[in-house]
Amino acid sequence: MQIPENLKSDIKPNQSIELLKELHILTRDGKLNQDSRRKLKQVYHLVNFIEPLFNDVLTYNPNPTLVDHGAGKSYLGFILYDLLLKQLSSGEVIGIETRAELVEKSKNLAAHLGFTRMRFEHLTVEESVTSSAIPAKVDIITALHACNTATDDAIQFGLTKQAKYMVLVPCCQAEVAEVLRQHKNESFSKTPLSEIWRHPIHTREFGSQITNVLRCLQLEAAGYQVTVTELVGWEHSMKNELIIARYTGQPRKNAQARLDAILQELNLEALRNRFAH
């Protein structure tokens, strides 16, 4: 189905209109409301970042594997398949999700659309690392708005699977903020830096910020080159940070030492295993 003239500025060429309707981004009569336009813009921005990484992988691997970790309803996975893989003769997208009902819906939709090299696995994080359903090595891992520790799970999965690229949009980081709260009194007597998270709203915001700082150091210590940027303008989403990691095999020299020092200085030692590599 051709893209209607009034939607050509919003929808990428070669995008399946039927897919966008099935994902409820377009209404049944082909309209795009403001909320859906915002959601589609976010996903397209992410696709624009992923496409050159995907093309780089294709230069040495004609059969790439892209894993969408914590896939949810798999908006991103479906659109990536539709725009980047559908026209190829090989390569696959694997969606990993813990909610069985979402996995089943995605499987049915892929079958309905004829997306034959797209599959979905109902796996926990631990299972996804060891399951025979997932290749020993994958090329690209995405995690869009993976809540709280789900981003960390995607990173651990990527490290184990020796992913060439990881593309992460973190969301709702609560774990570090909770540990900061638990040790607040101890931190007051230890460092004046504790003023940064003395007030509850600052605890939440600083906890979110420091979580992503620690993630970047973890990736750099594991041999990844890390870029941090905005996904879209703040007017579209407050969950806006995009972390892109490319494996080089050359760890940043002081990354692990700095990670360790931050954990020690901020009384976050309890989280050491989460940021291990």
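None of these values were measured; they are calculated from a predicted model. (Residues numbered from 1 in each chain as written. Predicted model: local features only at pLDDT ≥ 70, side-chain atom pairs only at ≥ 80, totals over all residues. Heavy atoms only, no water.)

At a minimum axis separation of 7 Å, helix α7 (residues 175-182) and helix α9 (residues 200-221) run at an interaxial angle of 120°. When the axis of α7 is compared with that of α9, the two are oblique. For the crossing formed where α7 meets α9, the hand is right-handed. Residues V176, A177, L180 and R181 of α7 form the contact with α9, whose participating residues are T203, R204, F206, G207, I210 and T211. (Axes fitted to C-alpha atoms, helices over the stretch in contact; angles between N-to-C directions. Helix = DSSP H or I, 4+ residues; strand = E, 2+ residues; numbered from the N terminus. Parallel < 35°, antiparallel > 145°, perpendicular 65-115°, else oblique. Left-handed = near helix turned anticlockwise from the far one by under 90°. Contact = heavy atoms within 4.5 Å.)

As a further point, take the pairing of strand β7 (residues 241-247). Relative to β7, strand β5 (residues 165-171) runs antiparallel, the two being bridged by four bridges. Counted as the bridge partner of L168 is I243 from β7. (Pairing = 2+ DSSP bridges.)

Turning next to helix α3 (residues 75-85). Of all 11 residues making up α3, 11 are buried, and the element is well covered by its neighbours. Those residues of α3 that sit buried are Y75, L76, G77, F78, I79, L80, Y81, D82, L83, L84 and L85. (Buried < 20%, exposed > 50% of the residue type's maximum accessible area, 1.4 Å probe, protein only.)

Okay, the packing of helix α2 (residues 34-58) against α3 next. Between α2 and α3, the least distance of the axes is 10 Å, while the angle of their chain directions is 50°. Comparing their axes, α3 and α2 come out oblique. Of the two elements, α2 crosses α3, and the hand of that crossing is right-handed. Two secondary-structure elements touch here, α2 through K39, L40, V43, Y44, L46, V47, I50, E51 and F54 and α3 through Y75, L76, I79, L80, L83, L84 and L85. A class-by-class count of the residues in the contact of α2 with α3 yields 14 nonpolar, no polar and two charged. (Nonpolar A, V, L, I, M, F, W, Y, C, P; charged D, E, K, R; others polar.)

Further remarks concern the environment of Y224. With respect to the secondary-structure elements, Y224 resides in strand β6 (residues 224-230). As a C-alpha pair, Y224 and M166 span 58 residues in sequence and 9.3 Å in three-dimensional space. Dropping the residues within four chain positions of it, Y224 is found in contact with G158, L159, Q162, A163, K164, M166, L219, A245, R246, Y247 and T248. A polar contact of 2.6 Å, which involves the side chain of Y224, links it to the backbone oxygen of A163. (Polar contact = N/O pair within 3.5 Å; in protein donor to acceptor, adjacent residues only side chain to side chain.)

Moving on, we come to the nonpolar core. In globular proteins that are soluble, nonpolar side chains generally tend to be buried together. Among the nonpolar cores identified, the biggest contains 44 residues, and I11, F78 and I79 are the most heavily contacted of them. Of all the elements in the fold, those that place two or more residues in this core are α1 (17-22), α2, α3, α4 (100-113), β3 (118-122), β5 and β7. (Core = buried A, V, L, I, M, F, W, Y, C linked by side-chain atoms within 4.5 Å.)

This part is about the packing of aromatic side chains. The final tally for this structure, using the stated rule, is five aromatic pairs. Ring centres of F78 and F115 lie 6.2 Å apart, and the angle between their planes is 45°; on these two criteria the pair is classed as tilted. In this pair, F78 is assigned in helix α3 and F115 in the loop between α4 and β3, connecting sequence segments 37 residues apart. Per residue, the accessibility class of F78 equals that of F115, and both read buried. Between Y224 and Y247 the ring centres are 5.1 Å apart and the planes differ by 65°, which places this aromatic pair in the edge-to-face class. Of this pair, Y224 sits in strand β6 while Y247 is found in strand β7, placing the two residues 23 residues apart along the sequence. By relative accessible area, Y224 is classed as buried at 4%. When its relative accessible area of 37% is taken as the criterion, Y247 is described as partly exposed. When the ring centre of Y44 is taken as reference, the NZ or CZ atom of K12 above it lies at 5.4 Å. (Phe/Tyr/Trp six-rings, centres within 6.5 Å; stacked < 30°, edge-to-face > 60°. Lys NZ or Arg CZ within 6 Å of the ring centre and 35° of its normal.)

Everything listed is a geometric property; what it means functionally is a separate question.
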